[in-house]
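# Topology and contacts: notes
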Amino acid sequence: MALGTHGIPPEEVTLHPGEALFRVTIGRLARPFPFIGADSYSDATGTNVVLETEYGLDLGTLRERWDKPDQNIMGNIVRRADMSDYLKVQTNHARDDEYREGFVSFVREVGLEMKLVGIDHTLDQGKITFYYQAEGRVDFRQLVRVLAGRFKRRIELYQLSLRDQILLYPLLGPCGRPLCCRGDPSLLGAHVSSRAARQQGLSYNPGKIAGTCGRPRCCLLFELDSYLQFQAVLGKHPGAYFRLKKGARLPDVDVPAERYRVLEWSVPADTVVLEADTREGPSVTMTVPFDDFKAKFERENP
């Protein structure tokens, strides 16, 4: 496997036989990046691996194959992590108090309004990343020079957005479960619009559909495709009329009705509630699984 592949656009990468692209998360923010690794890693989801990057060796978590990444290749997967690598991580963080004190004192010295939130190290200590919070943009070029001179390491400063900050704390959503973006960092790049709420019949109330980050909740994406499938067949609102397809039969119905009106549907239950127009006696209400409905009913011509 050729080293030094960092920074290459994915469309320009030539994979050798037995190689594949993988999504690997790095650092305390667990940001996903594409790496080249042996195809055998396809069965190693969740495994910690040692990575060759532009800044030296680093430790990451292999997530899945990533056949069409939307960012440049970061490097290569060298091997699976072992106990010596975990001990190295502990050794690297043993000096965090020193780095923290130095950062705070230097921030005061150069007169910047910044709050240090966390510190990350590459595995071989080639780079130290300082995560900070600040109001607005900060010109930290002088601070980087001071820190690099003091610690003799490559220094990276990363200003945390609100969504980034969420990843650093074990927050729960209104459903009582950990925030979706903590379990699946790829959701951080997903575009969730208010339209996703309206397409699911939810009233547009920013206070109710907004997540902890203030943007529409990631969970609005989970059932969106299902809602769109229901609406493509049933229409956007209940009330459409359908007929049984030729030769189709419903269980427990002796005499099929001539037409059926959609009263409501449920995406979580995957069902459609119909009112049968029997023209003899009271109407009959029945619940049909959505797959059966698609197979046995056709929309009545307007």
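Along each chain, numbering runs from 1 in the same order as the chain's sequence is written. Local features in a predicted model are, by the rule used here, given only for residues with pLDDT of at least 70; side-chain atom pairs are given and counted only at 80 or more, and totals for whole chains, interfaces and linings are based on all residues. Side-chain metrics in this entry use all non-hydrogen atoms of the structure; hydrogen atoms and water are not considered.

### Structural notes on the pattern of salt bridges
A pairing counts as a salt bridge when a side-chain nitrogen of Lys or Arg comes within 4 Å of a carboxyl oxygen of Asp or Glu. Tallied over the full model, the rule gives 15 salt bridges. Taking the shortest distance from any N to any O, the salt bridge between E64 and R23 comes out at 2.7 Å. Here R23 lies in strand β1 (residues 19–26) and E64 lies in strand β4 (residues 56–65), a separation of 41 residues in the sequence. Only protein chains enter the accessibility calculation, which uses a 1.4 Å probe; a residue is then buried when its area is under 20% of its type maximum, exposed when over 50%, and partly exposed in between. Judged by its relative accessible area of 37%, E64 is partly exposed. You can call R23 buried: its relative accessible area is 16%. D120 is paired through a salt bridge with R28; the nearest N and O atoms lie 3.7 Å apart. Here R28 lies in the loop between β1 and β2 (31–38) and D120 lies in strand β6 (residues 115–121), a separation of 92 residues in the sequence. Exposure remark for D120: the relative accessible area of 14% places this residue in the buried category. With a relative accessible area of 36%, R28 lands in the partly exposed category. Where helices and strands are cited, they refer to DSSP runs of H or I of at least four residues and of E of at least two residues respectively, numbered from the N terminus.

### Structural notes on the pairing of strand β8 (residues 154–159)
Pairing between two strands requires that DSSP report at least two bridges joining them. Across six bridges, strand β7 (residues 127–133) lies against β8 in parallel orientation. When the sheet's bridge partners are listed, F130 is paired in β8 with L157. Handedness of the β-α-β unit built from β7, helix α3 (residues 141–151) and β8 comes out right-handed. Crossover handedness is defined here as right-handed if the route from the first strand over the helix to the second strand goes clockwise, with the strands pointing away from the viewer.

### A look at the sheet that holds β8
Strand pairing within a sheet occurs via backbone hydrogen bonds; the two strands may be parallel or antiparallel. Strand order in the open sheet formed by three strands is β6-β7-β8, with mixed pairing between adjacent strands. A single partner strand is all that each edge strand has here, and the edge strands are β6 and β8. Direction aside, neighbouring strands of the sheet carry axes that sit 25 degrees apart on average. Of the strand pairs in this sheet, β6 and β7 are connected by six bridges, and their pairing is antiparallel. Bridged to L116 within β7 is Y132. Contacts: residue pairs with any heavy atoms within 4.5 Å of one another. Between N-to-C directions, angles span 0 to 180 degrees; the directions come from axes that are lines fitted to C-alpha atoms, helices contributing only their stretch in contact. Its contacts with the sheet put α3 on β7 and β8, and the angle it makes with β8 is roughly 140 degrees.

### What to know about the packing of aromatic side chains
For Phe, Tyr and Trp, where Trp contributes only its six-membered ring, two rings pair if their centres lie within 6.5 Å, and the inter-plane angle classes them as stacked under 30 degrees, edge-to-face over 60, or tilted in between. Across all of its chains, the model carries nine aromatic pairs by this definition. Here Y131 and Y158 contribute two aromatic rings whose centre-to-centre distance is 5.8 Å and whose plane-to-plane angle is 70 degrees, an arrangement assigned as edge-to-face. Of the two residues, Y131 is situated in strand β7 and Y158 in strand β8; the sequence distance between them amounts to 27 residues. Every member of this aromatic cluster is reached through a ring pair, and the members are F242, Y260, F293 and F297. We note R23 situated over the ring of W66; from NZ or CZ to the ring centre the distance is 4.0 Å. We call a charge positioned over a ring when the NZ of a Lys or the CZ of an Arg lies within 6 Å of the ring centre and within 35 degrees of the ring normal.

### Structural notes on the confidence of the model for the protein chain
One number per residue, pLDDT, summarises how confident the predictor is, and it ranges from 0 to 100. Per-residue pLDDT for the protein chain averages 84, and the proportion of residues at 70 or more is 88%. Within the protein chain, helix α1 (residues 83–93) carries the highest mean pLDDT (93), whereas helix α4 (residues 162–167) carries the lowest (68).

### Considerations on the environment of K152
Assignment of secondary structure puts K152 in the loop between α3 and β8. For K152, a relative accessible area of 65% corresponds to the exposed category. Considered as a pair, K152 and K127 are 25 residues apart in the sequence and their alpha carbons are 9.4 Å apart. Polar contacts, as used here, are pairs of N or O atoms within 3.5 Å; protein pairs need one atom able to donate a hydrogen and one able to accept it. Residues neighboring in sequence count only if both atoms are side-chain atoms. Of note is the side chain of K152, whose polar atom sits 3.1 Å from the backbone oxygen of G149.

### A short note on unusual backbone geometry
Located in the positive-phi region is Q125, a residue other than glycine, with phi close to 60 degrees. Among the secondary structure elements, Q125 is positioned in the loop between β6 and β7. Even without being a glycine, K152 presents a positive backbone phi close to 55 degrees.

### Regarding the environment of L220
Among the secondary structure elements, L220 is positioned in the loop between α7 (206–209) and α8 (224–234). In this structure, the C-alpha to C-alpha distance between L220 and I209, residues eleven residues apart in sequence, is 8.4 Å. When residues no more than four places from it in sequence are discounted, the contact partners of L220 are V192, A196, A197, Q200, L202 and I209.

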